[in-house]
Amino acid sequence: MRIEMTLAVEAYPIAGRFVISRGAKTQAQVVTATLRAGDAIGRGECVPYARYGESVESVVAAIERVRGEIEAGADRAVLQRLLPAGAARNAVDCAMWDLEAKQSGRPASAIAGFERLAPLVTAFTLSVGTPQEMRIAALKAADRPLLKVKLAGEGDDARLAAVREGAPHAQLIVDANEAWREETVVAQLDACARHGVALIEQPLPAGQDGMLAEIPRPIPICADESAHETASLEALRGRYDAVNIKLDKTGGLTEALAMAQAARQMGFEIMAGCMVGTSLAMAPAMLIGQMAAFVDLDGPLLLARDRQPGLVYEGSTMTPPPAALWG
C-alpha cells in the first residue's frame, strides 16, 4: 500500500530556560513525520541538534530527499540505508514503528519483542546556573529520586555542593556536556565522589577522551556525545562504563535497539536519554528504558506545555504510552 507522508515543524516553549555548558534555549523545535496508509496513521518526532550539525531546515531537507522511496513503501530496513544516523532518520523510523503497530493491531513493544512495558523512573534535569540558583532548583525538586545535574567546568564543585545541600537524599547524575578538561578531570571526578554522584556523563570532549582509559574512575562514566550508533561502541571500550542511547543520535528505535543489545553484550551499562522534546519523542525511547540502568526521559517535564495526548508522569514515574500517542 502506498504511503502518504507529511512533515511538520513545531515549537514547544520550555518552562523557564534550559541551560547546559554550550548555551541556553527557551523552546524545543521539533520535526514530526506522519505516515498514512489507508486509515492507519503513524507518527515520529525528532529534535534537530546543532552540536551534530543539524537544523530544522537540514532535517526536513534530508527527509524530503527520500520522500519518493518512503512513499513507495520502503520499510525500516531500507530506511537504515536511505538516511544516516541522526534526527531525520529518527522521525521517520519511529513513524514506521507506529504505523506498523496501528496496521497490525499489535503494540510496537510487542513487535520489538517486549512482553510488556513497565513504568520507568526518570531523572529530572537541573540546568547550569550559579550555586545559589542550582540550590534553589534542587530544593524544588528534592522529592524526586533521581536528579541530573548539568555542569559547566569551572566552579562545578560549588554547584554540586549547592545541589547536594538542596536535595540531600536524591541520587545524582552529573552531565558535563564535554565541558571538563584533561588537566582538571581527576579533581572533578574526586569532587563528584565526595558529593555521592552515581554516574558522570561525557566529562571530556568527544575525540579528546582517550585519557579516560588511563585514570582511575571512582564513579562510572557514561558516553553521550562520543556514542551515536552501534559502530561507535568499539572505540569506547576501556574509556567508558556506560553509554547514553538517544534515538536522535542512533537515527531511530531500530538502530537504538540494536545498539542496546550490542552494548550489553560488550559489558556497558545503558542509559536511556533524550533531547528536550515532547511525549511523542519519549514514547519509543521507553523501550530502550526497559533495558537501562538509568533513565533520562524528562523532556516533557521541562516544557511549559506538552502535546496531547501525552505521557502520564506521576512525579518522576512515567507510564507506558497510550496507543493514541504512539505505538
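Residues numbered from 1 in each chain as written. Predicted model: local features only at pLDDT ≥ 70, side-chain atom pairs only at ≥ 80, totals over all residues. Heavy atoms only, no water.

### Regarding the state of the cysteines
Think of a disulfide as a covalent bridge from one cysteine sulfur atom to another cysteine sulfur atom.
Line of reasoning, step 1. Inspection of the entire model under this criterion finds zero disulfides.
Line of reasoning, step 2. For the unlinked cysteine Cys222, the closest cysteine sulfur is that of Cys274, found at 13 Å. (Disulfide = S-S within 2.5 Å.)

### A short note on the nonpolar core
Line of reasoning, step 1. Residues Trp180, Val243, Leu253, Ile288 and Trp326 are the most contacted members of the largest nonpolar core, which totals 83 residues.
Line of reasoning, step 2. For this core, the leading source of residues is helix H11 (residues 279–289), giving eight residues. (Core = buried A, V, L, I, M, F, W, Y, C linked by side-chain atoms within 4.5 Å. Buried < 20%, exposed > 50% of the residue type's maximum accessible area, 1.4 Å probe, protein only. Helix = DSSP H or I, 4+ residues; strand = E, 2+ residues; numbered from the N terminus.)

### A short note on the pairing of strand S10 (residues 242–245)
Line of reasoning, step 1. On S10, burial covers both faces: Ala242 and Asn244 on one face and Val243 and Ile245 on the other are all buried.
Line of reasoning, step 2. For S10 and strand S11 (residues 269–272), the ladder comprises four bridges, and the chain directions are parallel. Looking across to S11, one finds that Asn244 is bridged to Met271. (Pairing = 2+ DSSP bridges.)

### With respect to the packing of aromatic side chains
For any pair of aromatic rings, the description rests on two quantities: the centre-to-centre distance and the angle between the ring planes.
Line of reasoning, step 1. According to the stated counting rule, one finds one aromatic pair in the structure shown.
Line of reasoning, step 2. Between the NZ or CZ atom of Arg76 and the centre of the ring of Trp97, over which it lies, the distance is 3.7 Å.
Line of reasoning, step 3. Above the face of the Phe124 ring, Arg144 is positioned so that its terminal group lies 4.3 Å from the ring centre. (Phe/Tyr/Trp six-rings, centres within 6.5 Å; stacked < 30°, edge-to-face > 60°. Lys NZ or Arg CZ within 6 Å of the ring centre and 35° of its normal.)

### Side note on helix H10 (residues 253–265)
Line of reasoning, step 1. Helix length check: H10 (13 residues) gives 18 Å between terminal C-alpha atoms against 18 Å at 1.5 Å per residue, within 8%.
Line of reasoning, step 2. All of the buried residues in H10 are Leu253, Glu255, Ala256, Leu257, Met259, Ala260, Ala262 and Ala263.
Line of reasoning, step 3. Looking at the buried positions of H10, the neighbouring elements they touch are helix H3 (76–82), helix H4 (87–104), S10, helix H9 (247–250), S11 and H11.
Line of reasoning, step 4. Phi turns positive, to about 90 degrees, at Gly267, one or two residues after H10. (Expected span 1.5 Å × (residues − 1). Contact = heavy atoms within 4.5 Å.)

### Overview of the sheet that holds strand S4 (residues 120–121)
Line of reasoning, step 1. Sheet architecture is open: three strands sit in the order S4-S14-S13, paired in antiparallel fashion. The open sheet is flanked by S4 and strand S13 (313–314), the only strands paired with a single partner.
Line of reasoning, step 2. In this sheet, strand S14 (residues 317–318) lies alongside S4 in antiparallel orientation, the contact comprising two bridges. In the strand pairing of S14, Leu120 is matched with Met318.

### Describing the environment of Glu269
Line of reasoning, step 1. With respect to the secondary-structure elements, Glu269 resides in strand S11.
Line of reasoning, step 2. Look at Glu269 and you get partly exposed, because its relative accessible area is 47%.
Line of reasoning, step 3. A C-alpha to C-alpha distance of 28 Å links Glu269 and Gly53, two positions 216 residues apart in sequence.
Line of reasoning, step 4. What Glu269 contacts, discounting residues up to four positions off in sequence, is Asp241, Ala242, Val243 and Ala293.

### Here we look at the sheet that holds S11
Line of reasoning, step 1. Taken in spatial order, the eight strands line up as S5-S6-S7-S8-S9-S10-S11-S12 in an open sheet, and their pairing is parallel. In this open sheet, the two strands that pair with only one neighbour each are strand S5 (124–126) and strand S12 (294–295).
Line of reasoning, step 2. Here strand S8 (residues 197–201) runs beside strand S9 (residues 221–223); their pairing, made up of two bridges, is parallel. Each bridged residue has a counterpart across the sheet, and for Ile200 the counterpart in S9 is Ile221.

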